[in-house]
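# Chains, contacts and geometry: an overview
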There are 2 protein chains.
Amino acid sequence: MCVASAYLKQRDQEKLLMEEIALIRVEGESLYLKSIFGEEKSVPARIKEIDFVTSKIVLEGPAT
Amino acid sequence: MCVASAYLKQRDQEKLLMEEIALIRVEGESLYLKSIFGEEKSVPARIKEIDFVTSKIVLEGPAT
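Contacts between chain B and chain A engage 19 residues on the former and 19 residues on the latter. Taken over both partners, the interface formed by chain B and chain A buries close to 1800 Å², and the fraction arising from carbon and sulfur atoms is 62%. At the junction of chain B and chain A, the tally comes to two salt bridges. Across the pair A:Arg25 and B:Glu49 runs a salt bridge whose closest N-O atoms are separated by 2.8 Å.

A separate point is the pairing of strand β4 (residues 40–43) of chain B. Side-chain positions along a regular strand alternate between the two faces of the sheet. All names here are of chain B. In this structure, strand β3 (residues 30–35) lies alongside β4, joined through four bridges in antiparallel fashion. Within β4, the position partnered with Tyr32 by the bridge is Ser42. The antiparallel hairpin formed by β3 and β4 contains four residues in its connecting segment, where Gly38 sits at a positive phi of about 95 degrees.

It is worth spelling out the relation of the copies chain B and chain A at this point. For the pair chain B and chain A, the superposition axis carries a translation of 0.0 Å, the fit reaches an RMSD of 0.0 Å, and the rotation angle comes to 180 degrees. In short, the pair behaves as if placed about a two-fold rotation axis. Considering only C-alpha atoms, the part of chain B nearest the rotation axis is B:Cys2, at 3.0 Å. Comparing interface residues between copies, 100% of those in chain B also lie at the interface in chain A; the contact surface is shared.

Residues and elements named next belong to chain A. Mapping Leu16 onto the fold places it in strand β2 (residues 13–27). A residue is classified by how much of its surface remains accessible, and Leu16, at 40% relative accessible area, is partly exposed. Between the alpha carbons of Leu16 and Ser5 there is a distance of 7.5 Å; along the sequence they are 11 residues apart. Excluding anything up to four places from it in sequence, Leu16 contacts Ser5, Ala6 and Tyr7.

Core analysis: the biggest nonpolar cluster contains 34 residues, and A:Phe52, A:Leu59 and B:Phe52 have the highest contact counts within it. Ignoring sequence-local partners within four residues, the contact set of A:Leu59 consists of A:Ala6, A:Tyr7, A:Leu8, A:Lys9, A:Leu17, A:Leu31, A:Val43, A:Ala45, A:Arg46, A:Ile47 and A:Lys48.

About the cut-offs
- Residues numbered from 1 in each chain as written.
- Chains lettered and ligands numbered in written order.
- Predicted model: local features only at pLDDT ≥ 70, side-chain atom pairs only at ≥ 80, totals over all residues.
- Heavy atoms only, no water.
- Contact = heavy atoms within 4.5 Å.
- Buried area = accessible area lost by both parts, 1.4 Å probe.
- Salt bridge = Lys/Arg side-chain N within 4 Å of Asp/Glu carboxyl O.
- Pairing = 2+ DSSP bridges.
- Helix = DSSP H or I, 4+ residues; strand = E, 2+ residues; numbered from the N terminus.
- Least-squares fit on C-alpha atoms with pLDDT ≥ 70 in both.
- Buried < 20%, exposed > 50% of the residue type's maximum accessible area, 1.4 Å probe, protein only.
- Core = buried A, V, L, I, M, F, W, Y, C linked by side-chain atoms within 4.5 Å.

Printed below as a string of structure tokens:
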């Protein structure tokens, strides 16, 4: 088992979006994220990169 | 550290594409995959789902 943290990249800055992620699913233009604690999030973003060595997920989305 | 295996989903079947994946990067319409052994692959596919609990990556791409 292995979990990861997701960061949302906006204007060269990375903002922590969720930790201990168990699942990511692409649902149309959105991403569904679920943590090992059952926390769920749906964000209008795309996956940019996943580094399994550092367990880091980088997402790109519209500026908010 | 944690590595994963990628499966390409085609017509309800899943084909193993690469094991021991260290990095996935979205590059336009393609995906760049790199294993912990340095093996590299670029495939015309999209990420559908990543399950970090089972270390399984499901990709979707054009039928070949």
